[in-house]
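# Coordinate inspection notes
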Amino acid sequence: MKLLDIHNLHAKIGEKPILRGINLTVNAGEVHAIMGPNGSGKSTLCQVLGGREGYEVTEGSVHFEGQDLLERSTEERATAGLLLGFQHPVEIPGVKNIYLLKEALNAQRAAQGLSEVDTFAFMKQVRELTKSMGMDDAFLHRGVNDGFSGGEKKRNEILQMLLLQPKLALLDETDSGLDIDALKIVSEGINRLRGSDRGIVLVTHYQRLLSYVEPDFVHILYQGRIIKSGDKSLALQLEAEGYQDILDAAS
Amino acid sequence: MTDRTASPTISDSQEIEHLVQREYKYGFTTDIEQEIIPPGLNEAVIRLISAKKNEPEFLLEWRLKAYRHWLTMTPPTWAHVHYPPIDYQALSYFAAPKSRENAPKSLDEVDPKLLETYAKLGIPLHERAALAGVAVDAVFDSVSVTTTFREKLAEAGVIFCSFSEAVHSHPEIIRQYLGTVVPASDNYYAALNSAVFSDGSFVFIPKGVRCPMELSTYFRINARNTGQFERTLIIAEEGAHVSYLEGCTAPQRDENQLHAAVVELITLDDATIKYSTVQNWYPGDEEGKGGIYNFVTKRGDARGARSKITWTQVEAGSAITWKYPSCILRGDDSVGEFYSVAVSNNYQQVDSGTKMIHLGKRTRSTIVSKSISAGRSQNSYRGLVHIAKSADDARNFTQCDALLIGDRNGAHTFPYIEAKNPSAQIEHEATTSKISDDQIFYLQSRGISEENATNMIVNGFCKDVFNELPMEFAVEAQALLAVSLEGSVG
Ligand SMILES: Nc1ncnc2c1ncn2[C@@H]1O[C@H](COP(=O)(O)OP(=O)(O)OP(=O)(O)O)[C@@H](O)[C@H]1O
Ligand SMILES: [Mg+2]
């Protein structure tokens, strides 16, 4: 089943065209990796899919579970099961992490016509997840990402993902800034989400994450287009050879 | 500055209905039929006010003295607020309570928009009617449980009544304390208030008594009609404790544009007064038309050793707010606290803060001020920490944070520090932050609406102050902020 279907997507920031004809299909059960040089448009693609204001889609379409994604608000996309893991998670001092988790879960439940989560069950689940991410409970009571180290912020993204169990997780460089142990923990977290009814898109620069979370497909994004797709061996090739040959061959 | 909020002991709103009815029935409100004195202010008007209230001679003299002093004064211009000059001769200084004839007879006759707001604030149905100005006797029609409330207070020896009533029942206390914290000549608006004050609250907690419940203006029936020049006096004798709640989260409309209240608090040795306010007077429309001018003088005198005065305020309404609840820390080891959230939206102007005057030894003060500016509003914190020569080892901590929503508003900070004693320890922290699009987007991407996202950030920002409010007040205050800031983002 097609979870995400991107067709000829063009988008600009201000007057500057960034995405210039993206085509990508993610089926349930698949893990895709998107790689590509700095500035090629990977984060822009994530933001556009998340519905960020200021990113204007000028052409093309995106469907999520067969429905037009682009006409929905950011929060509707989220409650429908799309989760964006940020490359640079923003700090929100004063808003407790635990409060965000609860509000997010309840927003999702409300969209599904469910009642608010039972606090006791919620706390239990969150504590387990926090532990599984190698995080201390104290993180729950701090402001969202407030003063978190780079790696802690990324773990926090995965914690949210595991709680919200999105149908499609779009993880933008979740592996950057992680130490070796943390990379393992985060990878395990991602693998736990993996399943026949879910899709995962990993934006990454490094093969290392992909050796823990093996992708079904690897795509190379360059100047706003996917210029090459392949299986996991493409990432290995990149790691060994760098971008130049592939870019040359593609042009 | 009127109205509701239930005490924790009598929180059931049905009981409140009874309560209101009872007090009304018992003629708590004096002279309901008085006519209005025509506009204008002179000694004859003041004599008339005093006569109508049947006041003792000393009070009339006090009013007249205040009036004569007021004549020599000019309105303050230092505050960061702008408004056309007020014609004091055009105001009416003795308006009888609104005629019931023109009052809406039921909720069906009330502006639906107002009712919508009440609903958003979670105000119980039957209370909405009273707030919307539906004639009270049409709303509250049952027997009373006030007895419990009044009996409990009486048993404890607490006096809680309208100021006018206290003038008759306890003139000696009034005479002893009135104007000893805010002298009639203190400032332009305080002088005006002293000359013409209409009514207000009087609280006296005798030695050693811990007031058995939180006192709220809600329980004083005629609070709703205290008029534009309210006067409140609270005295806590040695070792006494009281928590007093003033205000209402529901939007308050009033035909009087100028409100100039005075509040005086006095604590003797080891006494504590906690004074919490939620202010939500009509702020004017989106273009800045209309709205109340709220020029208030609030001051506490921590007269006794080890006594404590805490001001907590949530200021959301009024077109212009000019207000500096202050503490004179006279007693050794006395403590003053000021916790404030001031929200401004559209064209509102807020100039608020506090003065902590340290006179006694080892006196301590804490100031936590949170301002939130949206729309085209102007929001200023103005604070003075004064450490007198006599105040050995005094300490102050000030935290002053501003949160901006949008970029057409202004947040300003005017902290003044005067330390005359070298042993003083003064700490001042200030931050200015803005709700960023990134923050809102982050929360939205977790399924939270833009409005809720803003509220989450605002409430997080105000947490330190809300924590100081009595429980139910805190919950209402959160809802109030949400409503006040509605439409300010995006
Ligand atoms: N607000 C903006 N205004 C103008 N240009 C922008 C803006 N945001 C991003 N860009 C540009 O869009 C291009 C794509 O940026 P994007 O962040 O999507 O790249 P990326 O592939 O995620 O890179 P990296 O690997 O470094 O994270 C870059 O050239 C960047 O400078
Ligand atoms: Mg990027």
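Please refer to the structure placed before this passage.
A brief report on the enclosed structure follows.

Residue and element names in this part refer to chain A. In the first shell of the magnesium ion (ligand 2), the protein supplies Ser-43 (OG) and Gln-87 (OE1), at 2.0 to 2.1 Å from the metal. One end of the pair, Ser-43, is in helix H1 (residues 42-50); the other, Gln-87, is in the loop between strand S6 (82-85) and strand S7 (92-96), and 44 residues separate them in sequence. Judged by relative accessible area, Ser-43 falls into the partly exposed class, the value being 24%.

We now examine the interface of chain B and chain A. Accessible area lost upon the coming together of the parts is a frequently used measure of interface size. Tallying the contact residues gives 17 residues for chain B and 30 residues for chain A. In this assembly, chain B packs against chain A so that about 2,000 Å² is buried in total across both faces, 65% of it on carbon and sulfur atoms. The largest per-residue losses of area from chain B upon contact with chain A belong to B:Phe441, B:Tyr442 and B:Arg446, which jointly make up 40% of the total buried on that side. Taken together, the connections running from chain B to chain A amount to two salt bridges. Among the salt bridges present, the one from A:Glu157 reaches B:Arg446, with a minimum N-O distance of 2.8 Å. Sorting the residues of the side of chain B that touches chain A by element identifies helix H11 (437-444) and helix H12 (450-466) of chain B as the ones contributing at least two each. Top contributing element to the side of chain B that touches chain A by residue count: H11(B), with seven residues.

Residues and elements named next belong to chain A. The strand order across the open sheet formed by six strands is S6-S9-S10-S3-S11-S12, and the pairing between neighbours is mixed. A strand with exactly one partner marks an edge of an open sheet, and here the two such strands are S6 and strand S12 (225-230). This sheet shows a mean twist of 20° between the axes of neighbouring strands, independent of strand direction. For strand S3 (residues 31-35) and strand S10 (residues 199-203), the ladder comprises four bridges, and the chain directions are parallel. Residue Ile-34 lies in a different strand from S10, and its bridge partner there is Val-203. Strands S3, strand S11 (217-222) and S12 of the sheet are contacted by helix H8 (residues 232-241), whose axis makes an angle of about 50° with S11.

Let us look at the packing of helix H2 (residues 43-52) of chain B against helix H3 (residues 57-71) of chain B. Each pair of packed helices can be summarised by the angle the axes make with each other and by the distance between the axes. All names here are of chain B. H3 packs onto H2 with a crossing angle of 150° between their chain directions and a minimal axis gap of 10 Å. Judged on the interaxial angle alone, H3 and H2 are roughly antiparallel. Between H2 and H3 lies a crossing whose hand is right-handed. Across the interface between the two elements, Glu-43, Ile-46, Arg-47, Ile-49 and Ser-50 from H2 touch Leu-60, Arg-63, Leu-64, Tyr-67 and Arg-68 from H3. Grouping the amino acids of the contact of H2 with H3 by side-chain chemistry returns five nonpolar, one polar and four charged.

Now for the site of ligand 1. Residues and elements named next belong to chain A. For ligand 1, the set of nearby residues contains 14 residues, the closest of which are Gly-39, Lys-42, Ser-43, Thr-44 and His-205. Taking Thr-44, its side chain carries an N or O atom lying 2.5 Å from an oxygen atom of ligand 1. Here an oxygen atom of ligand 1 and a side-chain polar atom of Gln-87 are 3.1 Å apart. Mapped onto the shell around ligand 1, the elements with two or more residues apiece are strand S2 (16-27) and H1. Per element, the largest residue contribution to the shell around ligand 1 is three residues, and it comes from H1. Its residues assigned to classes, the shell around ligand 1 comprises three nonpolar, eight polar and three charged.

Calculation notes
Residues numbered from 1 in each chain as written. Chains lettered and ligands numbered in written order. Predicted model: local features only at pLDDT ≥ 70, side-chain atom pairs only at ≥ 80, totals over all residues. Heavy atoms only, no water. Donors = N, O, S within 2.8 Å, 3.2 Å for Na, K, Ca; no water. Helix = DSSP H or I, 4+ residues; strand = E, 2+ residues; numbered from the N terminus. Buried < 20%, exposed > 50% of the residue type's maximum accessible area, 1.4 Å probe, protein only. Contact = heavy atoms within 4.5 Å. Buried area = accessible area lost by both parts, 1.4 Å probe. Salt bridge = Lys/Arg side-chain N within 4 Å of Asp/Glu carboxyl O. Pairing = 2+ DSSP bridges. Axes fitted to C-alpha atoms, helices over the stretch in contact; angles between N-to-C directions. Parallel < 35°, antiparallel > 145°, perpendicular 65-115°, else oblique. Left-handed = near helix turned anticlockwise from the far one by under 90°. Nonpolar A, V, L, I, M, F, W, Y, C, P; charged D, E, K, R; others polar. Near = heavy atom within 4 Å. Polar contact = N/O pair within 3.5 Å; in protein donor to acceptor, adjacent residues only side chain to side chain.

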